[in-house]
Amino acid sequence: MTELKYDVKDLGLASEGIRRIEWSQKEMPVLGQIHKRFIKEKPLSGMRIGACLHVTTETAYLAKILKDGGAEVAMCASNPLSTQDDVAAALVSEYEIPTFSIRGEDNNTYYQHLSEICDFEPNMTMDDGADMVAMIHQERTSLIDNIIGGSEETTTGIIRLRSLASQNKLMYPVIAVNDADTKHLFDNRYGTGQSTLDGITRATNILWAGKTVVVAGYGWCGKGIAQRADGMGSHVIVTEVDPVRALEAVMDGYRVMKMEDAAKIGDVFITVTGGMNAVGIDAIKNLKSGAIIANSGHFNVEIDIESLEKESDSSKQILNSVKQYTLYDGRQIFLLGEGRLINLAAAEGHPSGVMDLSFAGQALAAEFIKNNNSQLSNSVHSLPTELDKEIARLKLQGMSVDIDILSEEQEKYLNSWDIGT
Ligand code: ADE
């Protein structure tokens, strides 16, 4: 056997990683079922999966399932600050999966690690944010002929892929796992909702009750964060650019206003727009002294950190995930987790119970691509509805929740057009 290649912080951390991975499996019954089937059927034999995902306990379990399903897997991080180093160590020494990820790696190392996955010559990609697809399409095009397809985990990645596809430049089919109902309705809403507040709490230990919390973006992530902050007793303000989403936020009971107005009254700002500069220079000029700003969107471009730095007389890291900026006019602004996704930078990401659904989508997407790639065009595809429903069914089973079944008569009624009043 060839020697396993890897670049992780410290293999000595593996035993802690293994304990935590095994603990997280208790909350992942859907993946547990898929795992059992994959061990028996080996549906992924012949696949070489290059995975660029947040390296967490849940991701490690997914990687193990893919490997036990017959695939060879290599893994790198999808964000420089999201790796759990004990998990990366366990992936190498326990699961023998080539892993390239170190928490806090600089940008060069991050891209060097992506490049290692390209050197592994995957025939399938699995992305969270589309950095792997982007590298392959920009720099490693010789790999494309052998790649039968890929999957994408997150909203931001899908926006990038759709942009590539709209220019007819996407060179292999990709399944948008995020578009599955069992992904975005749960991971984005309940996962991001809980883990974002968890990250900010761990970073600062603030009391949420009574705070004015400004949520920029009212997609599923924004909805989840607003709901959870509201539940903790915060006064929630939403900022949006989309009129329908803004209207939803109004009717969900939140105040909606322009960011420049929210900037003057907010205590905590959380960006989840998928775009850039949601907290831009105009907001920064208006922020109250003491304002806390955090991002939970995929990339660290939602807060205009460059402008924050330009407006600052000095800055210092005052806690692990809190940097204090003192502006020329004396105001103090606190930036969390370098503006990177705070749920993974300062906490453990989404809870396993929700990643169970998201990663079931990834595992089934891999199997679907293996079996159907010849019929798939080079564009962005949805996970078939039957698979989405199967994931929900398995999760309900895991939670011991029974649901009703339509009677023949009810089914007939629903499929008819001629029975009226
Ligand atoms: N994205 C958000 N939370 C995550 C987690 N726990 N594992 C992998 N990816 C994630």
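Residues numbered from 1 in each chain as written. Predicted model: local features only at pLDDT ≥ 70, side-chain atom pairs only at ≥ 80, totals over all residues. Heavy atoms only, no water.

Draft legend 1. Molecular detail of the packing of aromatic side chains. Under the criterion given, the structure shown has three aromatic pairs. On the basis of an interplanar angle of 45° and a centroid distance of 6.1 Å, the ring pair of Phe 186 and Tyr 190 is categorised as tilted. With Phe 186 and Tyr 190 both in helix H8 (residues 181–204), this residue pair falls four residues apart, about one helical turn. Relative accessible area serves as the criterion here: at 31%, Phe 186 is assigned to the partly exposed category. One Lys or Arg, Arg 48, reaches over the ring of Phe 120 and ends 4.1 Å from the middle of that ring. Positioned above the aromatic ring of Trp 220 is the side chain of Lys 223, whose terminal nitrogen or guanidinium carbon lies 4.8 Å from the ring centre. (Phe/Tyr/Trp six-rings, centres within 6.5 Å; stacked < 30°, edge-to-face > 60°. Helix = DSSP H or I, 4+ residues; strand = E, 2+ residues; numbered from the N terminus. Buried < 20%, exposed > 50% of the residue type's maximum accessible area, 1.4 Å probe, protein only. Lys NZ or Arg CZ within 6 Å of the ring centre and 35° of its normal.)

Draft legend 2. View of the pairing of strand S10 (residues 268–271). Here S10 shows no split at all, with Val 268 and Ile 270 on one side and Phe 269 and Thr 271 on the other all buried. Strand direction decides the pairing type here: strand S7 (residues 212–216) and S10, joined by four bridges, are parallel. In the strand pairing of S10, Val 214 is matched with Phe 269. Sheet topology note: the S10/strand S11 (residues 292–295) ladder contains four bridges and is parallel. Counterpart to Thr 271 in the pairing with S11 is Asn 295. Between the parallel pair S10 and S11, the chain is carried across by helix H12 (residues 281–286), and the sense of this crossover is right-handed. (Pairing = 2+ DSSP bridges. Right-handed = clockwise from strand over helix to strand, strands pointing away.)

Draft legend 3. Representation of the packing of helix H1 (residues 14–25) against helix H3 (residues 57–68) within the structure. Relative orientation of the contacting elements H1 and H3 amounts to 80°, with a least axis distance of 8 Å. Here H1 is positioned roughly perpendicular relative to H3, judged by the angle of their axes. Residues Arg 20, Ile 21, Ser 24 and Gln 25 of H1 form the contact with H3, whose participating residues are Thr 57, Glu 58, Ala 60 and Tyr 61. Of the residues that constitute the contact of H1 with H3, the class distribution is three nonpolar, three polar and two charged. (Axes fitted to C-alpha atoms, helices over the stretch in contact; angles between N-to-C directions. Parallel < 35°, antiparallel > 145°, perpendicular 65-115°, else oblique. Contact = heavy atoms within 4.5 Å. Nonpolar A, V, L, I, M, F, W, Y, C, P; charged D, E, K, R; others polar.)

Draft legend 4. Summary view of the pattern of salt bridges. The final tally for this structure, using the stated rule, is 22 salt bridges. Asp 187 is the salt-bridge partner of Lys 183, the closest N and O atoms lying 3.4 Å from each other. Of this pair, Lys 183 and Asp 187 are both found in helix H8, four residues apart, which corresponds to roughly one turn of the helix. Overall, Asp 187 belongs to the buried group, its relative accessible area being 4%. Between Asp 329 and Arg 331 there is a salt bridge whose closest N-O contact spans 2.9 Å. Residue classification places Asp 329 among the exposed positions, given a relative accessible area of 51%. Here the salt bridges share partners, and the residues they tie into one network are Arg 20, Asp 86, Asp 198, Arg 202 and Glu 348. (Salt bridge = Lys/Arg side-chain N within 4 Å of Asp/Glu carboxyl O.)

Draft legend 5. Geometry of the environment of Ala 283. Within the secondary structure, Ala 283 sits in helix H12. Residue class for Ala 283 comes out buried when judged on its relative accessible area of 3%. Spatially, the C-alpha atoms of Ala 283 and Pro 351 are 32 Å apart, while their sequence positions differ by 68 residues. Apart from the residues lying within four places of it in its own chain, the contact partners of Ala 283 are Met 259 and Ala 263.

Draft legend 6. Layout of the sheet that holds S11. Here eight strands make up an open sheet; going across it, the order is S9-S8-S7-S10-S11-S14-S13-S12 and the pairing mixed. Each edge of the open sheet carries a strand with a single partner, namely strand S9 (255–256) and strand S12 (312–319). As paired elements, strand S13 (residues 322–327) and strand S14 (residues 332–336) share five bridges and run antiparallel to each other. From the neighbouring strand, Gln 324 faces S14, where its bridge partner is Phe 334.

Draft legend 7. The arrangement of the nonpolar core in detail. With 51 residues, the main nonpolar core has Ile 34, Leu 44, Ile 49, Leu 66, Met 75, Leu 91 and Met 126 as its most contacted residues. Ranked by residues supplied to this core, first place goes to helix H15 (residues 352–372) with 11 residues. If you look at the next biggest cluster of nonpolar residues, it comprises 26 residues, including Tyr 218, Ala 226, Ala 229 and Ile 292. (Core = buried A, V, L, I, M, F, W, Y, C linked by side-chain atoms within 4.5 Å.)

Draft legend 8. Layout of the site of the ligand. Every residue close to the ligand is listed here: His 54, Thr 56, Glu 58, Thr 59, Leu 344, Glu 348, Gly 349, His 350, Met 355 and Phe 359. Glu 58 has a polar side-chain atom sitting 2.9 Å from a nitrogen atom of the ligand. At 2.8 Å from a nitrogen atom of the ligand is found a main-chain nitrogen or oxygen belonging to His 350. For the ligand, whose free accessible area comes to 260 Å², the fraction covered by protein is 95%. Broken down by secondary-structure element, the contributors of at least two residues to the shell around the ligand are H3 and H15. Counted by class, the shell around the ligand contains three nonpolar, five polar and two charged residues. (Near = heavy atom within 4 Å. Polar contact = N/O pair within 3.5 Å; in protein donor to acceptor, adjacent residues only side chain to side chain. Areas by Shrake-Rupley, 256 points an atom, 1.4 Å probe, with all protein chains shown as cover.)

Draft legend 9. Highlighting the environment of Asp 261. Its location among the elements puts Asp 261 in helix H11 (residues 259–265). A relative accessible area of 33% means that Asp 261 is categorised as partly exposed.

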